[in-house]
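Each chain, written out:
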Amino acid sequence: KAGVTQTPRYLIKTRGQQVTLSCSPISGHRSVSWYQQTPGQGLQFLFEYFSETQRNKGNFPGRFSGRQFSNSRSEMNVSTLELGDSALYLCASSFRQGASDTQYFGPGTRLTVL
Amino acid sequence: DAKTTQPNSMESNEEEPVHLPCNHSTISGTDYIHWYRQLPSQGPEYVIHGLTSNVNNRMASLAIAEDRKSSTLILHRATLRDAAVYYCILVGNTPLVFGKGTRLSVIA
């Protein structure tokens, strides 16, 4: 079974631009979560989608948004990029949303904002 | 959010057992204890999880204290590939909240 895939793997943008990152979950998984990882803040939760509905949202500004499609694929968008948005963006999928469910992470998208 | 406390770093010799501790004194009755690890330049990887009883899988064992206020991840024979940051996370009705984790170094 193929793992979680994220595209692109690397991205360089300039301040003020916007970016869209894509995540394809493991087949059959309906829950997709997004995380931001930086050296200073570690791994921080961005949002979670289940069956096309956002179920949880982390403490990030409105410039960060996401969506999930009917095939469970998910995208996240960051508008008006700032230097501090440079980070590794990780996507994780799970079969359900339960506390006992395992999350499977993708390799991440490395975003650099210049 | 429920919090966990882990040592910042630990060191182990190759092929020796490693016991990674985690304190979670504010755990609620429905919180599961999950362990993930992150190898260099990779996304986090699931290791093991449990609720009340000790758990074993091909990667590791999880020992949970009777009062559930602490747990220990046990790697039975550390290899160089086990060098990673290990995260102990309480999972209830909220998303995963990652702490700083424990950076495990394995010495050949």
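Residues numbered from 1 in each chain as written. Chains lettered and ligands numbered in written order. Predicted model: local features only at pLDDT ≥ 70, side-chain atom pairs only at ≥ 80, totals over all residues. Heavy atoms only, no water.

1. Examining the side chain of A:Gln36
All names here are of chain A.
Piece 1. Within the secondary structure, Gln36 sits in strand β4 (residues 31–38).
Piece 2. According to the relative accessible area criterion, Gln36 is buried, its value standing at 6%.
Piece 3. Looking at Gln36, its side chain comes within polar contact range of the side chain of Tyr89, at 3.0 Å. (Helix = DSSP H or I, 4+ residues; strand = E, 2+ residues; numbered from the N terminus. Buried < 20%, exposed > 50% of the residue type's maximum accessible area, 1.4 Å probe, protein only. Polar contact = N/O pair within 3.5 Å; in protein donor to acceptor, adjacent residues only side chain to side chain.)

2. Section: the layout of surface pockets
Piece 1. Of the pockets and cavities examined, the largest pocket occupies roughly 640 Å³.
Piece 2. Lining the largest pocket we find 28 residues, and of these A:Gln37, B:Gln38, B:Val85, B:Tyr87 and B:Arg103 sit closest to its centre.
Piece 3. When contributions to the lining of the largest pocket are tallied by element, the ones reaching two or more residues are β4 and β5 (42–50) of chain A together with β8 (84–91) and β9 (102–107) of chain B.
Piece 4. At 4 residues, the largest contribution of residues to the lining of the largest pocket is made by β9(B).
Piece 5. Its residues assigned to classes, the lining of the largest pocket comprises 12 nonpolar, 12 polar and 4 charged. (1 Å grid on protein atoms, 1.4 Å probe; cavity = no way out; pocket = protein on both sides within 12 Å on 5 of 7 lines; lining within 4 Å. Points joined across faces, edges and corners; volume = space filled by probe spheres on them. Nonpolar A, V, L, I, M, F, W, Y, C, P; charged D, E, K, R; others polar.)

3. Some points on the environment of B:Ser61
Piece 1. Note on placement: B:Ser61 falls in strand β6 (residues 61–64).
Piece 2. Leaving out residues up to four positions away in the same chain, B:Ser61 has contacts with B:Ile48, B:Val55, B:Asn56, B:Thr72, B:Leu73, B:Ile74 and B:His76. (Contact = heavy atoms within 4.5 Å.)

4. So, the pattern of salt bridges
Piece 1. The final tally for this structure, using the stated rule, is 8 salt bridges over all chains.
Piece 2. For A:Asp101, the salt bridge goes to A:Arg96, with nearest N and O atoms at 3.1 Å.
Piece 3. A:Asp101 gets classed as buried once you look at its relative accessible area, which sits at 12%.
Piece 4. We classify A:Arg96 as partly exposed; its relative accessible area is 43%.
Piece 5. A salt bridge links B:Arg77 to B:Glu15, with the shortest nitrogen-to-oxygen separation between them at 3.1 Å. Taken together, the residues span a long stretch of sequence, with B:Arg77 in the loop between β7 (70–75) and β8 and B:Glu15 in the loop between β1 (9–13) and β2 (18–23) at a distance of 62 residues.
Piece 6. Classification of B:Arg77 as exposed rests on a relative accessible area of 54%.
Piece 7. A cluster of three or more residues bridged by salt bridges with shared partners is formed by A:Arg63, A:Glu82 and A:Asp85. (Salt bridge = Lys/Arg side-chain N within 4 Å of Asp/Glu carboxyl O.)

5. Quick look at the sheet that holds β7(B)
Sheet strands pair by backbone hydrogen bonding; their relative direction is either parallel or antiparallel.
Residues and elements named next belong to chain B.
Piece 1. Taken in spatial order, the 4 strands line up as β2-β7-β6-β5 in an open sheet, and their pairing is antiparallel. Sheet topology places β2 and β5 (55–56) at the edges, where each strand pairs with a single neighbour.
Piece 2. As judged from the 4 bridges shared by β6 and β7, these two strands associate in the antiparallel manner. Residue pairing across strands places Ile64 opposite Ser71, the latter belonging to β7. (Pairing = 2+ DSSP bridges.)

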